[in-house]
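Each chain, letter by letter, is given below.
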Amino acid sequence: MKTQLLARLLRRRLNCHSQIKLRQKSSGVSSQVLPESADHGVTTNAAIGVKSYSEVPGPRPMPVLGNSWRFLPFVGTYEISRLDTVLWRLHREYGDIVKISNMLGRPDMVFLFDPRDIETIFRSEEKLPHRPSMPSLNYYKHVMRKDYFEEDAGVIAVHGENWYKFRRKVQQPLMQPKTAQLYIPSIEESADTFVERIRNIRDQNLEVPDDFLNEIHKWGLESIAKVALNVRLGCFDDKMADDSDTQQLIDAIDTFFSNVGNLELKIPFWRLFNTPTWNKYVNALDTIMRITQKYINQSMQDIEAKGVECTADSSVLERVLAFNDNNTKVAVTLALDMFLVGIDTTSAAVASILYQLSQNQDKQEILVKEIDRVVPGDAKLTSKMLDEMKYLRACIKETLRMYPVVIGNGRLVTNDIVLGGYLIPKGVQVVFQHYVISNSDKYFANAAKFEPERWLKARSEAHHAFASLPFGFGRRMCLGRRFADLELETLLVKILKSYRIEYLYDKLEYRVQPMYTPYGPLKFKFTDRTVT
């Protein structure tokens, strides 16, 4: 009875937040003419034998709790941290298209395991594509802190005209190729600091501590802060006070990522009352906002004091402010979004790439030879050098194929559309299962084998263009991709110039936490190389 009462209260509460709830059709769809804009080349369901939405296979929901119970601890069978195995199981049991219906607080989810269906979605994408938002962040931005964000709520958990307008405000300063190149010296400095940090934290066996992932997070924060805030935070300073802005920012970002998975996939009791998890989550976001605002205000004062016009050599922050009439709120919101999507993702990618190179010493040595050839001695990196390192980029692509940091993303269907032979109605959330697709022998030969060569032109194998999309595709493709590429490439060059990487323990599993990351003590062994 208590469970049923909570469920009824939750449904009432969700109705009260209709301004952020997405329109959903939960019933089957009868035969009808498909929208002309969808360009499916068909007329009616009956004419082509399209099946109704109610026929999409998937696990059967229970009364009251629907399918949400499957994500509950102890009684549920879908463990959030092991979503990778859950997805393989769903694919094996139900096929290339799977429906998870009746999720409390969320629209239905339809999982797509065929890149052709993903291509269909992207090729028919509208001017304002609707990416499934994070309900918790959506609520924070559009309800709790609505007075601050108003129409400038960023690109994460934002849709429609407000998303489009904000993206236009920041796209030019972020997306120009030359802008990222300006940051090579500062990102190289962060990488050099990290390489020295490795040297200082190694033990007598030349191994780093179990929590090495936390050190990688600090590097990610330091790199993003230079771009978003135009400051050096000093994340690796040994005498950092617990109440310092830098430590508070590190703790807040860690708290955000530690709690977002539970808020997003488990029964959203936080919509009924302020749960402890919700309170920690909100406090973390408030802390990030407060500190970000402080640093941007300081930068704004420095810019006004210098009185220098924005030039081709200006920083991203200076460009964003100049492009938006010195509107600091736009800069703060952009910084928040960059912190939320740019730190954990690049950190997880670094951890995976280092681990894969440690497990494939032959590939590591091929990469080292390329690096030594292109970057002699202790030469400073240039964009030309990075462009020449094809094998480096191949190693990154191959790692992100096998272990994408985000194992699935998707869209909210804005028009009825045929996918996998079923008519999917407007309002359903379709999720692209990149992890399963890119690890399937159907789409990549010997998919379980780490083969960077598959991405080189000389060895390039034909594969579906939508079978591996680590940075997304289309209008909502990752805004910070150029910076992410630059950070990854620079750090890997610096580490491999200095160290041979080994991992001498049992093979690591991967977990969703919330990014897809090697799970266990990352006790890498870093043996000094002779600089050549």
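Structure report, in brief. (Residues numbered from 1 in each chain as written. Predicted model: local features only at pLDDT ≥ 70, side-chain atom pairs only at ≥ 80, totals over all residues. Heavy atoms only, no water.)

1. Examining the packing of aromatic side chains
Put simply, the rule is: Two rings from Phe, Tyr or Trp (for Trp, the six-membered ring) form a pair when their centres are within 6.5 Å of each other. A pair whose planes differ by under 30 degrees is stacked, one over 60 is edge-to-face, and the rest are tilted. By the criteria applied, helices consist of DSSP H or I runs no shorter than four residues and strands consist of E runs no shorter than two, each listed in order from the N terminus. Three labels apply to residues, based on accessible area from a 1.4 Å probe with only protein chains included: buried if under 20% of the type maximum, exposed if over 50%, partly exposed otherwise in between. Note on criteria: charge over ring means Lys NZ or Arg CZ within 6 Å of the ring centre, with the direction from the centre no more than 35 degrees off the ring normal.
In the structure shown here, the tally under the stated rule is 26 aromatic pairs. Ring geometry for Tyr355 versus Tyr503: centroids 5.6 Å apart, planes at 85°, classification edge-to-face. On the criterion of sequence distance, the pair formed by Tyr355 in helix α15 (residues 344–359) and Tyr503 in the loop between β7 (499–502) and β8 (509–512) is long-range, its members being 148 residues apart. Here Tyr355 matches Tyr503 in class, with each residue buried. An aromatic cluster is defined as three or more aromatic residues linked by ring pairs; in this entry it consists of Phe194, Phe212, Phe236, Tyr355, Tyr499, Tyr503, Tyr505, Phe524 and Phe526. Note that Arg511 overlies the ring of Tyr519, its terminal NZ or CZ placed 4.3 Å from the centroid.

2. Re the pairing of strand β3 (residues 409–412)
Defined as follows: Here, strands pair whenever DSSP counts at least two bridges between them.
The alternating pattern of β3 places Asn409 and Arg411 on one face and Gly410 and Leu412 on the opposite face, and all of these are buried. Bridge count between β3 and strand β6 (residues 429–432): four bridges; the pairing is antiparallel. The partner of Gly410 across the bridge, within β6, is Val431.

3. Considering the environment of Val195
The following threshold applies: Whether two residues are in contact is decided by their heavy atoms: any pair within 4.5 Å suffices.
Of note, Val195 is situated in helix α9 (residues 184–201). By relative accessible area, Val195 is classed as buried at 7%. As for Val195 and Ser498, which are separated by 303 residues in sequence, their C-alpha atoms are 7.6 Å apart. Those residues in contact with Val195, other than ones at most four positions away along the chain, are Lys494, Ile495, Ser498 and Tyr499.

None of this, on its own, says anything about what the molecule does.
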